[in-house]
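# Structural overview for review
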Amino acid sequence: MSGIPARTTASASTAAVIATSCVEVCPVGCIHPTPDEPGFALVDQLYIDPEECIDCDACVEACPAEAITAEDQVPDGWRHYIQINADYYKQQKP
Ligand code: SF4
């Protein structure tokens, strides 16, 4: 599974609005930061831990912005987000 950012932007003059329904449905809790984690206010997208994800697709179904795509279905123009997503967790883990 690969996360494409769960993000929508209301307008250029307002802060990004992040949909979090994916966090609520993930059975293994591998989407971060969650709204109650300190980093949530600092990000403009959420990230799926590629080592913890079980590829259940629940987040894909739950996302109101259709912002999450199974890794094998990520369009060519968006594939760089696979690495961006993985890099987030490399930075989080010692
Ligand atoms: S595919 Fe399933 S396990 Fe992976 S991030 Fe989405 S909801 Fe969580």
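Description of the structure in this document. Starting afresh in each chain, residues are numbered from 1 along the sequence in its written order. With the structure being a predicted model, the display of local features is reserved for residues of pLDDT at least 70 and the display and counting of side-chain atom pairs for 80 or more, all residues being used for whole-chain, interface and lining totals.

## Describing the overall build of the chain
- Counting its regular elements, the chain contains 3 helices and 4 strands.
- Secondary structure elements are defined from DSSP: runs of H or I of at least 4 residues count as helices, runs of E of at least 2 residues count as strands, and each element is numbered from the N terminus. What you see in the chain, going N to C, is helices and strands ordered as β-β-α-β-β-α-α.
- Burial is judged by counting the other C-beta atoms within 10 Å of a residue's own C-beta: 20 or more makes it buried, 12 or fewer makes it exposed, and any count in between marks it as partly exposed, with every C-beta position built from the backbone. When each of the 94 residues of the chain is scored for burial, the buried share is 23%.
- Counted over contacts in the chain with a minimum sequence separation of 6, partners at least 24 positions apart contribute 66%. By the convention adopted here, residues make contact when the C-beta atoms placed from their backbones lie within 7 Å.

## Here we look at unusual backbone geometry
- Put simply, His32 and Pro33 share a cis peptide bond, and its omega is -10°.
- The residue Asp57 is not glycine, and still its phi comes out positive at about 70°.
- With respect to the helices and strands, Asp57 occurs in the loop between strand S4 (47-48) and helix H2 (58-62).
- For Glu66, which is not a glycine, the phi torsion comes out positive at approximately 50°.
- Its location among the elements puts Glu66 in the loop between H2 and helix H3 (80-92).

## Some points on the site of the ligand
- Nearness here has a simple definition: the residue's C-beta atom, placed using the backbone, must lie within 6 Å of the molecule or strand. The immediate surroundings of the ligand are formed by 15 residues, with Cys26, Cys53, Cys56, Ala58 and Cys59 found nearest.
- Lys, Arg, Asp and Glu make up the charged group, whereas Ala, Val, Leu, Ile, Met, Phe, Trp, Tyr, Cys and Pro make up the nonpolar group; the residues left over, Gly among them, are polar. Of the residues in the shell around the ligand, the class split is 13 nonpolar, no polar and 2 charged.

## Some points on the environment of Cys59
- Relative to the helices and strands, Cys59 resides in helix H2.
- In sequence terms Cys59 and Ala70 are 11 residues apart; their C-alpha atoms lie 9.6 Å from each other.
- Leave out the neighbours within four places in its chain, and Cys59 touches Cys22, Val25, Cys26, Ile31 and Ile68.

None of the figures reported here should be taken as evidence of function without further support.
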